[in-house]
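# Coordinate inspection notes
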Amino acid sequence: MMMMRERPLVVLKASNDEDASSSSSIKTTSNPALKAAWLASEQFGKAIGGGKNNSSATKEDDAMLMTTRAETIDLLAKDYEKNYFIGGESEMKAYSSSCVFADPFVSFTGLDRFKQNIGNLGTSLRDVECKVLKTVDNGVGGVIFYWKFSAVVDALPWRPKLAASGNTTHVLDDENKVVKHIEAWDVDPWMVLKKLLVPASKLPENKWELGMLAVSQRDGFGALQAISEPGVKLFAALFVLEKVPGVNLGGFEAFTSFMLVATAVTEFWALLISFGVVKK
């Protein structure tokens, strides 16, 4: 369930330190593994989101909505009230349809793509908590919202917790439309990804959670043993689904095939152990 938070009532002017630490330049990782992880999550979101279209931005909308800087900041605050960058529930009226979006992983252009991504993400989360810590108007450097959030990724069967803190710089053009949305995290992106391998629950409640707990403890065989039964069902279903004309799971075919074989062999081996055919 999405948790609403009161938006900040005071917009601060940036100090010299804040001006130095917060810029409107776009910096994304050069690590291909992190970029691949982001693209994989985008494809995963499309799969679980059912291909729904969350876009409502048009160039006509851009032209119709003329705002002052203060009104734009208020619109942005209302977006944060609705947890827009987690659940995609807001209209994001302050944005240009050709806005550039960047985070520690990648950057791309287009409000429609951003709204689709966050809308898909929103369908996979529960226990969402988002809080704006402060807002700083940095002049030409943009309006900076400092935030922290956490949520449980319910779409993954081991239900990990996604959490981070950081800031987002919203750069405005001469018409007070947001043309750059630059997200920065206070933690290493690798640390966030690693947390996605660990169940949120300290006491495993299903075989997937038990398996991922084993992964976090570097017990690969134990993880396969734990998830082999539900894993065979899941990856077999995905394997069949990939063969349906018109279905595209985003390049996960090789991974699905590998995991189907791995879980099937592990389940067969566990059966042999249970019948005493082989020793553990």
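By convention here, each chain's residues receive numbers from 1 onward along its written sequence. Residues qualify for local features only when their pLDDT is at least 70, as the model is predicted, and side-chain atom pairs are given and counted only at 80 or more; totals for whole chains, interfaces and linings, by contrast, use all residues. Processing note: side-chain calculations cover all non-hydrogen atoms of the structure and skip hydrogens and water entirely.

Moving on to the overall build of the protein. The helix count covers DSSP runs of H or I at least four residues long, the strand count covers runs of E at least two residues long, and both are numbered beginning at the N terminus. The number of helices and strands found in the protein is 10 helices and 7 strands. The 280 residues of the protein split such that 41% are buried. Any two residues having at least one pair of non-hydrogen atoms within 4.5 Å are treated as being in contact. Across the protein, the fraction of contacts at a sequence separation of at least 24, relative to all contacts at a separation of at least 6, is 64%. Accessible area of the protein: about 15,400 Å², with a carbon and sulfur share of 59%. Burial status follows relative accessibility: with a 1.4 Å probe on protein chains alone, a residue under 20% of its type maximum counts as buried, one over 50% as exposed, and anything between as partly exposed. Areas reported here follow the Shrake-Rupley algorithm with a probe of radius 1.4 Å; residue values treat only the protein chains shown as occluding.

Here the focus is helix H6 (residues 111-122). Taking 1.5 Å as the rise per residue, H6 with 12 residues should run 16 Å; its terminal C-alpha atoms sit 16 Å apart, in good agreement. Among the residues making up H6, those that are buried are Leu111, Phe114, Lys115, Asn117, Ile118, Gly119, Asn120 and Gly122. Expected helix span is taken as 1.5 Å per residue step, with the number of steps being one fewer than the number of residues.

Let us look at the nonpolar core. Buried Ala, Val, Leu, Ile, Met, Phe, Trp, Tyr and Cys residues that are joined via side-chain atoms within 4.5 Å together make up what is termed a nonpolar core. One finds Phe85, Met92, Tyr95, Phe101, Phe114 and Phe149 to be the most contacted residues of the largest nonpolar core, which totals 44 residues. A per-element tally of this core places strand S5 (residues 143-153) first, with 6 residues. Ignoring sequence-local partners within four residues, the contact set of Met92 consists of Asp79, Tyr84, Phe101, Leu111, Phe114, Lys115 and Ile118.

Looking now at the confidence of the model for the protein. The predictor reports its confidence for every residue as pLDDT, a score running from 0 up to 100. Across the protein, the average pLDDT comes to 76, with 70% of residues at or above 70. A low-confidence stretch, residues 1-9 stays under pLDDT 50, and its non-local contacts, those more than four residues away or across chains, total 22 contacts. Every residue in residues 16-22 scores below 50 in pLDDT, and together they form 9 contacts with partners more than four places removed in sequence or on other chains.

Right, let's get into the pattern of salt bridges. We define a salt bridge as a contact between a side-chain nitrogen of Lys or Arg and a carboxyl oxygen of Asp or Glu at a distance within 4 Å. Here the structure, examined in full by the defined rule, presents 6 salt bridges. A salt bridge links Asp74 to Lys78, with the shortest nitrogen-to-oxygen separation between them at 3.4 Å. Here the residue Asp74 and the residue Lys78 both occupy positions in helix H4 (residues 69-81), the gap between them amounting to 4 residues, near one helical turn. The class for Lys78 is partly exposed, based on a relative accessible area of 37%. One connected set of salt bridges, linked through shared partners, spans Arg126, Asp127 and Asp154.

The subject of this paragraph is unusual backbone geometry. A positive phi is found at Asp127, a non-glycine position, where the angle reads about 50°. The class for Asp127 is partly exposed, based on a relative accessible area of 41%. For Asn176, which is not glycine, the phi torsion reads 65° and is therefore positive. If you trace the backbone, Asn176 turns up in the loop between strand S6 (161-172) and strand S7 (178-185).

Below, the discussion takes up a nonpolar patch on the surface. Every patch collects residues that have over 30% relative accessible area and no salt bridge, joining them within 9 Å if they carry like charges and within 5 Å if they are nonpolar side chains (Val, Leu, Ile, Met, Phe, Trp, Tyr). A surface patch of nonpolar side chains, amounting to about 190 Å² of accessible area, comprises Leu197, Val198 and Val215. One can find Leu197 in the loop between helix H7 (189-195) and helix H8 (207-216). Overall, Leu197 belongs to the partly exposed group, its relative accessible area being 39%.

Here the focus is the side chain of Ser150. The topology assignment puts Ser150 in strand S5. Among residues more than four places away in sequence, those in contact with Ser150 are Asp127, Val128, Glu129, Lys161, Leu162 and Ala163.

Next up on the list: H4. Between its first and last C-alpha, H4 extends 19 Å over 13 residues, near the 18 Å set by a 1.5 Å rise per residue. Of all the positions in H4, only Thr72, Ile73, Leu76, Ala77, Asp79 and Tyr80 are classed as buried. What you see down the axis of H4 is that its buried residues fit within an arc of 155°, all on one side. Picture the helix axis, draw a direction to every C-beta atom, and the arc is the one those directions span.

We now examine the side chain of Asp103. Assignment of secondary structure puts Asp103 in the loop between strand S2 (95-102) and strand S3 (107-109). Take Asp103: its relative accessible area is 13%, and that puts it in the buried class. A distance of 2.8 Å separates a polar side-chain atom of Asp103 from the backbone nitrogen of Phe105. In protein, a polar contact means a hydrogen-donor-capable atom and an acceptor-capable atom, both N or O and within 3.5 Å, with residues adjacent in sequence counting only if both atoms are side-chain atoms; elsewhere, any N or O pair within 3.5 Å suffices. At a separation of 3.0 Å, a polar atom in the side chain of Asp103 contacts the main-chain amide nitrogen of Val106.

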